[in-house]
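# Report on the structure
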Amino acid sequence: MYAAYGVASPFLPAFVNASGIAPEQLGLVLGAATAVRLVSTPLVGRAADVLQALGRTLTVCIALAAIITLAYLPAQGFWIFLAITLLHAASLAPMTVLADALSLGAAKRHGFEYGSAGCAAPARRRSSSAR
Amino acid sequence: MRGTGSAAFIVGTLIAGQLVGAHGLSMIIWLQASLLVLAAFAATRVPEIPHPERRRTSTEGIGTLLRLPMYRNMVLIAALILGSHALHDGFAVIRWRAADIAPGTASLLWSEAVAAEVLVFFLIGPRLVARLGPAGALALAALAGIVRWIVMAQTTEVFALALVQPLHGITFALLHLACMRLIARIVPGGLEGTAQAIYAVGIGGASASVMLASGALYAWLGGAAFWIMATLCAIALPLTLRLPRLSPLH
């Protein structure tokens, strides 16, 4: 999952730019994506809590993200890129929070080291795209 | 476990760098989609856990927190410094490519920042926050941001970039750790979740706003737009110096 973030995070803006979106528009697209992430993370987290289905929500999020990612390939034009980027960000963003919650729950159950060095900061990730 | 995640992130970035160099940027789409499919399969194997207690964000809690001068200023400082990263996140690689830096090199530069982040989060950060105090650590983060963005503005020499990328550990990771320490110190009992939420929203809002502007800034100023990011950190600096003198009570 983290490798998936790693392959795209640094290069996605360049990809969109190279696909013909000028910097001014790119700022709008990425900024909107950042804003969407702010909203989708707590919303999806809440839904997972209510449904009592963290694992299944995570699976759905990842699967959706995979499909939306592929939509980038044929994409052209500002509005299409904007739509795909918003969906992309919305599906990717909750993944780390859900995975963290599952890992912490499992760590408590099975007693292994989560490795966050006492830093209980889910807010870490991330203001950058698709991370 | 988190460490493995960061390691995987770096490996992903480095592989992407090599493949993009050989086959172009659209490689990242295939790579990401395939990795996500794999991750989705892995996720189906994760056992469900019994649901942890729900944390509610009360609105009076929000008011209480925002009335604490130290908390308010902390969020502002974090918003300024972390917001300043938005130009880098969106446009650093674009700028580097425009300067003919190879994707493999770009991936190494990016990975340096992530590696520094991990190093600070897990090894040197907590000690540094203890040694400097949260306000001191925040001041360091502001200073590091000023230096980092000025260098980014003035050069695309790989050597120089390689020197400042690790500052990410200070500007990003140390800052988060310092804020977590401050929150632990000054937030009244029961409001920790709310404090984290406001913090996240403050940072997210600042990042989104700066990102929205950064496109136009980059189009207008090119690399010199990083001077504006340095200015954001420069505004944060006196706030960090004032922090210890603010009362944690309202």
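Data block above holds the structure.
Attention in this report is confined to the structure presented alongside it. Because the structure is a prediction, the values reported are computed rather than measured. Throughout, a residue's number is its position along its own chain's written sequence, starting from 1. A letter from A marks each chain and a number from 1 marks each ligand, given out in the order of writing. Where local features are concerned, this predicted model is filtered to residues with pLDDT of at least 70; where side-chain atom pairs are given and counted, the filter is 80 or more; whole-chain, interface and lining totals use all residues. Where side-chain values are given, they derive from all heavy atoms of the structure, hydrogens and water being excluded.

### Here's the deal with the overall build of chain B
- Per the secondary structure count, chain B includes 10 helices and zero strands.
- For helices the rule is a DSSP run of H or I covering at least 4 residues; for strands it is a run of E covering at least 2, with both sets numbered from the N terminus onward. For chain B, the succession of helices and strands along the chain, N to C, is α-α-α-α-α-α-α-α-α-α.
- In terms of C-alpha radius of gyration, chain B reaches 20 Å, essentially the compact-globule figure of 18 Å for 250 residues.
- Three exposure classes are used, based on accessible area relative to the maximum for each residue type with a 1.4 Å probe and protein chains only: buried under 20%, partly exposed in between, and exposed over 50%. Expressed as a percentage of the 250 residues in chain B, the buried residues total 54%.
- By definition, residues are in contact when any of their heavy atoms lie within 4.5 Å. The long-range share in chain B, meaning contacts at least 24 apart out of those at least 6 apart in sequence, stands at 84%.
- Surface accessibility in these figures is a Shrake-Rupley result with a 1.4 Å probe; residues are shielded only by whichever protein chains are displayed. When the accessible surface of chain B is summed, it comes to about 10,600 Å², and 67% of that surface belongs to carbon and sulfur atoms.
- Charged side chains of chain B number 16 positive and 9 negative; the gap between the two group centres comes to 9 Å. Radius of gyration means the value over C-alpha atoms here, while the globule rule gives 2.2 Å times the residue count to the 0.38 power. Just so you know, the count uses Lys and Arg for positive and Asp and Glu for negative, and it drops His and the chain ends. Lysine's charge is taken at NZ, arginine's at CZ, aspartate's at CG and glutamate's at CD.

### Points about the environment of Ile-183 of chain B
Residues and elements named next belong to chain B.
- Residue position: Ile-183 is located in helix α8 (residues 168–186).
- Sequence separation between Ile-183 and Ala-195 is 12 residues; the distance between their C-alpha atoms is 7.1 Å.
- Apart from residues no more than four positions distant in its own chain, Ile-183 is found in contact with Tyr-71, Met-74, Ala-195 and Tyr-199.

### Overview of the side chain of Thr-59 of chain A
- Inspection of the secondary structure assignment puts Thr-59 of chain A in helix α4 (residues 54–71).
- A residue is classified by how much of its surface remains accessible, and Thr-59 of chain A, at 15% relative accessible area, is buried.
- For Thr-59 of chain A, the side chain forms a polar contact with the main-chain oxygen of Gly-55 of chain A, separated by 2.9 Å.
- If we skip the residues at most four places from it in the chain, Thr-59 of chain A touches Ala-40, Ala-43 and Thr-44 of chain B. Counting of polar contacts relies on pairs of N or O atoms within 3.5 Å, with two restrictions inside protein: one atom must be capable of donating a hydrogen and the other of accepting it, and residues adjacent in sequence are counted only when both atoms are side-chain atoms.

### Comments concerning helix α1 (residues 2–23) of chain B
- To estimate how far a helix should reach, multiply one less than its number of residues by 1.5 Å. When the terminal C-alpha atoms of α1 of chain B are compared, their 31 Å separation across 22 residues agrees well with the 32 Å that a helix rising 1.5 Å per residue should span.
- Residues of α1 of chain B that are buried: Arg-2, Gly-5, Ser-6, Phe-9, Ile-10, Gly-12, Thr-13, Ala-16, Gly-17 and Val-20 of chain B. What you see down the axis of α1 of chain B is that its buried residues fit within an arc of 155 degrees, all on one side. Turned more than 90 degrees away from the buried face of α1 of chain B sit Thr-4, Gln-18, Ala-22 and His-23 of chain B, all of them exposed.
- Buried residues belonging to α1 of chain B abut α1 (2–8) and α5 (78–110) of chain A together with α2 (27–44), α5 (85–98) and α6 (103–154) of chain B.
- The positive-phi residue at the C-terminal boundary of α1 of chain B is Gly-24 of chain B, with phi of around 95 degrees. By definition, the arc is the one covered by directions from the helix axis to the C-beta atoms.

### A few points about the nonpolar core
- Core analysis: the biggest nonpolar cluster contains 119 residues, and Phe-15 and Met-95 of chain A together with Tyr-71, Trp-96, Leu-175 and Tyr-199 of chain B have the highest contact counts within it.
- Broken down by element, this core gets its largest block of residues, 18 residues, from α6 of chain B.
- Every residue in contact with Leu-175 of chain B, bar those within four places of it in the chain, is listed here: Ala-78, Ile-81, Leu-82, Leu-138, Ala-141, Ile-170 and Tyr-199 of chain B. Only buried Ala, Val, Leu, Ile, Met, Phe, Trp, Tyr and Cys residues count toward a nonpolar core, and they belong to the same one when joined by side-chain atoms within 4.5 Å.

### As for the packing of aromatic side chains
Residue and element names in this part refer to chain A.
- Note on aromatic pairs: the rings of Phe, Tyr and Trp (six-membered ring only in Trp) are paired at centre separations within 6.5 Å, and the planes decide the class, stacked below 30 degrees, edge-to-face beyond 60, tilted for the rest. Per the counting criterion, the structure on display carries six aromatic pairs over all chains.
- Geometrically, the ring pair formed by Phe-78 and Trp-79 is edge-to-face, given 5.0 Å between the ring centres and 75 degrees between the ring planes.
- Assessed through its relative accessible area of 18%, Phe-78 is described here as buried.
- On the accessibility criterion, Trp-79 (65% relative accessible area) is exposed.

### Structural notes on unusual backbone geometry
- For Gln-52 of chain A, which is not glycine, the phi torsion reads 55 degrees and is therefore positive.
- Counting through the fold element by element, Gln-52 of chain A comes out in the loop between α3 (23–51) and α4.
- Classification of Gln-52 of chain A by relative accessible area gives partly exposed; the value is 42%.
- With a phi angle near 65 degrees, Asp-100 of chain B is a residue other than glycine that sits in the positive phi range.
- Locating Asp-100 of chain B in the fold gives a position in the loop between α5 and α6.

By themselves these figures say nothing about function.
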